Amino acid sequence: MAVTWVQLLDSLRGGRWRAVWWRNFRVWQRLAGPAILGNFGEPLLYLLALGYGLGSFVGDMQGMRYIVFLASGIVVSSAMTTASFEGMYSAYTRMEVQRTWESILTTPLSVADVVFGEAVWGATKSVFSGVAILLVATVLGAVGDARAILVLPLVLLTGLCFASMSLVVTAVSRSYDFFLYYTTLVITPMLLIGGVFFPLDRMPQAIQIAAQGLPLTHAVALIRPLVIGTIPHHVALHLLVLGLYTLVPLMLAVRLVNRRMGG
Amino acid sequence: MSDDQVQVIDARLLSKHYGRYTAVDAVDVKIRRGEFWGLLGPNGAGKTTFLRMITGAIAPSSGSLRVLEYPVPAQARPMRRRIGVVPQLDNLDPDFSVIENLRTYAGYFGLSGPDLDTHIEGLLEFAALESKRDARISALSGGMQRRLSLVRALVNQPDLLILDEPTTGLDPQARQLMWQRLRELKSKGITVVLTTHYMEEAQRLCDRITIMDHGRLLDSASPSELIKRHIEPHVVEVYGDDAEAWHLGVGAGLADRSEQVGETWLYYALDEEPLVDALKASHGISYLHRPANLEDVFVKLTGRELREA
Ligand SMILES: Nc1ncnc2c1ncn2[C@@H]1O[C@H](COP(=O)(O)OP(=O)(O)OP(=O)(O)O)[C@@H](O)[C@H]1O
Ligand SMILES: [Mg+2]
């Protein structure tokens, strides 16, 4: 583990991971049109349908209109899904199908450079989607005030966290089908009990406690207040949890990819 | 130590095990600067595994390895700044055009700017791909993809070039062009390591050839020296319906060594005259008289049975 840590630190310091990030960004740019449409279109539909449709039944939630509650949650859940899918399906394609990583590893880049570059890239896509959702939510009147801009670095961190976790899954995956386990057993439950669509306080005690162990819950606790225009509590704790859920998977992913690629 | 005695590759007792299987078995190799070295061996001999240890892609199980004076794999990352690699299977980036492939790959070396652009123009010309600069990889022929892989390995102006079967699957014209380019690189003093299954290619290009099988190095010398060392200078091939009868009646006694391969009898001789005279005298027997070549050596050292790899 110490070796992995050294490799990761060396990668951070060397900045070579940026070449991996840049490669992915350039590919994204080619298809930016549909990608951006998706970034805006999907949250717009969700917010309209669920926010107004479901909202008219639900009424207020935790003292705010449902669409406000929902918009602030979707910023977080979309950071999670965007980074996770990038870290699974897209990264797997680059690793196994296109053998892009193999070609990168014949240059002066290390596995840590590749893994970290991919993780930051996944996080970047989370930020793209976060920006789009915030804009849509602003237009729909679901954003509190200008402090909402502060969520972007938090969305980046959330994206980094989930990208790193999914890269661990990718590192041990033998096919695309394998990702269904992770999606079904980890992503979807988190989406449902992480406080995105409804608050946790009326859930059974056991679920509330379990939810406190999940990174998404802490991302919601940080991001929702800023979107609706209040101040988050226990900031250090939430950051610590997200930080741990980023660093440990990152190191694990470097280690597993090293092993997989033959190191 | 004079300049050309510097070892570009210095492998000592290098081994790679996969579980109980030994892919590379205690290999000793020294490659001098400027040398064009060919590594030949049947499928599964361990060539690719050996090359991947050199580039630091996989870690040796035991032994020591220095490449361009860097200890590998410990210092493989900085070492790779100075080598170019053409892998056995192309891994060009399908999301990019030809020129973007070169630029992106150069980016991994931290290269950019006008100097790089000039260099890349030169590489496109070298690969005869100027007209394809904006084409997607999927729109290139196999030969074009292989040449792009070659020039991609040259973006960082490497001192050592590692080519794993660069011409496999190419038509004769594409292969000729590749050979020409490789000779040009050699004349510029780049050290080249090449694997191939084409004996003619190895014979034409390589200063030194090593034959490998079952993870071990069998012999190593210049192509002509290898042939001299292992095979009588003359080979006569006799084939056709009457070959067997002729062999039993006449041929067997006239050569230093003979063997049957399928329908053909091969005769190896220091002096070919008695054989050829006898064949001329026996009308209707089909035969071919040729000098010994590298393939004869290869087959003698590695055997004739088919590999399953
Ligand atoms: N990751 C691996 N795990 C297990 N066995 C492996 C692995 N990589 C290679 N081998 C085995 O090691 C042996 C040598 O393989 P290698 O690819 O080096 O052969 P090669 O000489 O390059 O063959 P070819 O001419 O077919 O390319 C083969 O038997 C192969 O199956
Ligand atoms: Mg091979």
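Counting restarts for each chain, with residues numbered from 1 along the sequence as it is written. Think of it this way: whatever chain is written first is A, whatever ligand is written first is 1, and the rest follow in order. Side-chain atom pairs in this predicted model are given and counted only at pLDDT of 80 or more, local residue features only at pLDDT of at least 70, and totals for whole chains, interfaces and linings cover all residues. Side-chain numbers here rest on the full set of heavy atoms in the structure, without hydrogens or water.

1. Structural notes on unusual backbone geometry
Residues and elements named next belong to chain B. Cis geometry marks the peptide bond from Val 72 to Pro 73, where omega comes out at 10 degrees. For helices the rule is a DSSP run of H or I covering at least 4 residues; for strands it is a run of E covering at least 2, with both sets numbered from the N terminus onward. The residue Pro 73 is located in the loop between strand 5 (70-71) and helix 2 (76-79) in this model. A positive phi angle is found at His 214, which is not glycine, with a value near 50 degrees. On the accessibility criterion, His 214 (55% relative accessible area) is exposed. The rule is simple: take the accessible area with a 1.4 Å probe, protein chains only, and divide by the maximum for that residue type; under 20% is buried, over 50% is exposed, in between is partly exposed.

2. Notes on the pairing of strand 13 (residues 264-269) of chain B
A large share of strand 13 of chain B lies buried, amounting to six of its six residues. Where strand 12 (residues 257-261) of chain B folds back on strand 13 of chain B, the antiparallel hairpin that results is connected by two residues, among which B:Gly262 adopts a positive phi of roughly 60 degrees. Should DSSP find at least two bridges between two strands, the strands are regarded as paired.

3. Digging into the site of ligand 1
Residue and element names in this part refer to chain B. Surrounding ligand 1, one finds 14 residues, the nearest of these being Gly 44, Lys 47, Thr 48, Thr 49 and Gln 88. Here Gly 44 contributes a backbone N or O atom positioned 2.8 Å from an oxygen atom of ligand 1. One of the side-chain N or O atoms of Thr 49 is found 2.5 Å from an oxygen atom in ligand 1. All accessible-area figures derive from a Shrake-Rupley calculation using a 1.4 Å probe, and residue coverage is judged against the displayed protein chains alone. Here ligand 1 loses 65% of its free accessible area of 640 Å² to cover by the protein chains. When contributions to the shell around ligand 1 are tallied by element, the ones reaching two or more residues are strand 2 (21-32) and helix 1 (47-54). Top element by residues in the shell around ligand 1 is helix 1. It accounts for three residues. A per-class count over the shell around ligand 1 returns five nonpolar, seven polar and two charged. Nearness is defined per residue: one heavy atom within 4 Å of the molecule or strand is enough. Counting of polar contacts relies on pairs of N or O atoms within 3.5 Å, with two restrictions inside protein: one atom must be capable of donating a hydrogen and the other of accepting it, and residues adjacent in sequence are counted only when both atoms are side-chain atoms. Side-chain classes follow a simple rule in which Ala, Val, Leu, Ile, Met, Phe, Trp, Tyr, Cys and Pro form the nonpolar group, Asp, Glu, Lys and Arg form the charged group, and the remainder, Gly included, forms the polar group.

4. Quick notes on the coordination of the magnesium ion (ligand 2)
Expected angles at a metal are 109.5 degrees for tetrahedral coordination by four donors and either 90 or 180 degrees for octahedral coordination by six donors. All names here are of chain B. Protein-derived ligands of the magnesium ion (ligand 2) are Thr 48 (OG1) and Gln 88 (OE1), with the metal-ligand distances lying across 1.9 to 2.1 Å. In this pair, Thr 48 sits in helix 1 while Gln 88 sits in the loop between strand 6 (83-86) and helix 3 (98-108), placing the two residues 40 residues apart along the sequence. Residue class for Gln 88 comes out partly exposed when judged on its relative accessible area of 34%. In this description, a donor is an N, O or S atom within 2.8 Å of the metal centre, a cutoff extended to 3.2 Å for sodium, potassium and calcium. Water is not part of the atom list, which can make sites seem incomplete.

5. Examining the domain arrangement of chain B
Examined at the domain level, chain B breaks down into domain 1 (3-222) and domain 2 (232-291). Where each domain starts and ends comes from a domain assignment, either automatic or drawn from a database. Its C-alpha centre places domain 1 of chain B at a distance of 41 Å from the equivalent point of domain 2 of chain B.

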